Amino acid sequence: MIITVASFKGGVGKTTSAVHLAAFLQGQAKTLLIDADPNQSALGWASRGELPFPVLSSAEAAQQTEPYDHVVIDTQARPNAEELKTLADTCDLLVLPTLTDVMSLDALVLTIEYLKAVQAERYGILITAIPPKPSKVVTEVKTMLIEADLPVFNHSIRRYSAFQKAAMAGLPVYAVKDPKAEAAWEDYETVGEEILALMAGMA
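Residues numbered from 1 in each chain as written. Predicted model: local features only at pLDDT ≥ 70, side-chain atom pairs only at ≥ 80, totals over all residues. Heavy atoms only, no water.

Honestly, the pairing of strand 2 (residues 31–36) in this entry has me stumped. Any pointers?
Each regular strand shows side chains that alternate between the opposite faces of the sheet. Among the six residues of strand 2, five are classified as buried, and the element is accordingly described as predominantly covered. Across six bridges, the pairing between strand 2 and strand 4 (residues 70–75) is parallel. Residue pairing across strands places Ile34 opposite Ile73, the latter belonging to strand 4. Taken together, strand 2, helix 2 (residues 41–47) and strand 3 (residues 55–57) form a β-α-β motif whose crossover is right-handed. (Buried < 20%, exposed > 50% of the residue type's maximum accessible area, 1.4 Å probe, protein only. Helix = DSSP H or I, 4+ residues; strand = E, 2+ residues; numbered from the N terminus. Pairing = 2+ DSSP bridges. Right-handed = clockwise from strand over helix to strand, strands pointing away.)

Got a minute to help me understand empty space enclosed by the protein in this structure?
Gaps left between atoms are located by rolling a probe of water-molecule size over the structure's atoms. Under the counting rule described, the total for this entry stands at one cavity of 30 Å³ or more. Volume-wise, the largest cavity comes out at about 60 Å³. At the level of elements, strand 5 (93–98) and helix 5 (102–117) are the ones that each hand at least two residues to the lining of the largest cavity. In terms of residue count, the dominant contributor to the lining of the largest cavity is helix 5 (four residues). In terms of residue class, the lining of the largest cavity is built from seven nonpolar, four polar and one charged. (1 Å grid on protein atoms, 1.4 Å probe; cavity = no way out; pocket = protein on both sides within 12 Å on 5 of 7 lines; lining within 4 Å. Points joined across faces, edges and corners; volume = space filled by probe spheres on them. Nonpolar A, V, L, I, M, F, W, Y, C, P; charged D, E, K, R; others polar.)

How should I be thinking about the pattern of salt bridges in this particular structure?
Pairing is possible between side chains of opposite charge, provided their charged atoms come close. Taken as a whole and assessed by the stated rule, the structure comprises six salt bridges. Among the ionic pairs, Arg158 bridges to Asp187, the shortest N-O distance being 2.8 Å. One end of the pair, Arg158, is in the loop between helix 6 (137–147) and helix 7 (161–169); the other, Asp187, is in helix 8 (residues 181–202), with 29 residues separating them in the sequence. A residue is classified by how much of its surface remains accessible, and Arg158, at 33% relative accessible area, is partly exposed. Measuring nitrogen to oxygen at the nearest pair gives 2.7 Å for the salt bridge that ties Lys165 to Asp178. Note that Lys165 is positioned in helix 7 and Asp178 in the loop between helix 7 and helix 8, a separation of 13 residues in sequence. One connected set of salt bridges, linked through shared partners, spans Lys14, Asp37 and Asp74. (Salt bridge = Lys/Arg side-chain N within 4 Å of Asp/Glu carboxyl O.)

What's the story with the packing of helix 4 (residues 81–89) against helix 5 in this structure? I'm lost.
The description of two packed helices rests on the angle between their axes and on the distance between the axes. One way to put it is that helix 4 packs onto helix 5 with a least axis distance of 9 Å and a crossing angle of 70 degrees. Comparing the axis directions of helix 4 and helix 5 gives the class roughly perpendicular. Of the two possible hands of crossing, helix 4 and helix 5 adopt the one that is right-handed. Contact residues: Ala81, Leu84 and Ala88 in helix 4; Thr111, Tyr114 and Leu115 in helix 5. Looking at the contact of helix 4 with helix 5 residue by residue, the class counts come to five nonpolar, one polar and no charged. (Axes fitted to C-alpha atoms, helices over the stretch in contact; angles between N-to-C directions. Parallel < 35°, antiparallel > 145°, perpendicular 65-115°, else oblique. Left-handed = near helix turned anticlockwise from the far one by under 90°. Contact = heavy atoms within 4.5 Å.)

How do you make sense of the environment of Ile130 when you look at a structure like this?
Residue placement: Ile130 occurs in the loop between strand 6 (123–127) and helix 6. Overall, the relative accessible area of 11% leaves Ile130 in the buried class. When the C-alpha atoms of Ile130 and Phe53 are compared, they prove to be 27 Å apart, with 77 residues separating the residues in sequence. In this view, Ile130 contacts Val138, Ser156, Ile157, Arg158 and Arg159; residues no more than four positions away in its chain are not counted.

Help me understand the sheet that holds strand 2 in this model?
Hydrogen bonds between backbone atoms are what pair the strands of a sheet, whose relative direction is either parallel or antiparallel. Read across the open sheet, the six strands follow the order 3-2-4-1-5-6; overall the sheet is parallel. Of all strands in the sheet, those bounded by a partner on one side alone are strand 3 and strand 6. Between one strand axis and the next, the sheet turns through 25 degrees on average, direction left out of account. Against the sheet, helix 5 makes contact with strand 5 and strand 6, and its axis sits at roughly 160 degrees relative to strand 5, the strand it touches most.

Okay, structure coming up:
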């Protein structure tokens, strides 16, 4: 299974999502994370510590002969229409992280327009860094996306400082010492399970 994480906007949790979806899938079967972003954020993450799966650049991955059951690809921000079509055509599921602010949602709308133009169907919107309760913004945004008949994941990723600690330490969030680390990891576990169920339904 190939999962590609893409966004028209930076800072929406793209690399964090790629790393943690790869960590979840590694728990199911042998997984590789490919860092196709020129910023090499995933490679930087891996270099600062230890991740439970290999992280390779696109060039390194092209020369890779070892088989993997799952591949997660972290892409560069703002792909053009042709690049987005290629991403959609070469993966089993395109994951589109987004924040709930207006600029992020505007970028998401543009991404969706491109995907519809190339008739891509296998994608899901992942709302990330949602503010703590009693904020109702995530419910409002999710309702808006569902009413627009857009595929949005049932579960969202809450905003925790544990993710920043994980990036700094070069570890998955479950491996850092933080009171919210377990809850942060559970968010991605739940989304990972949702992806597996979705892929099983598409098979």
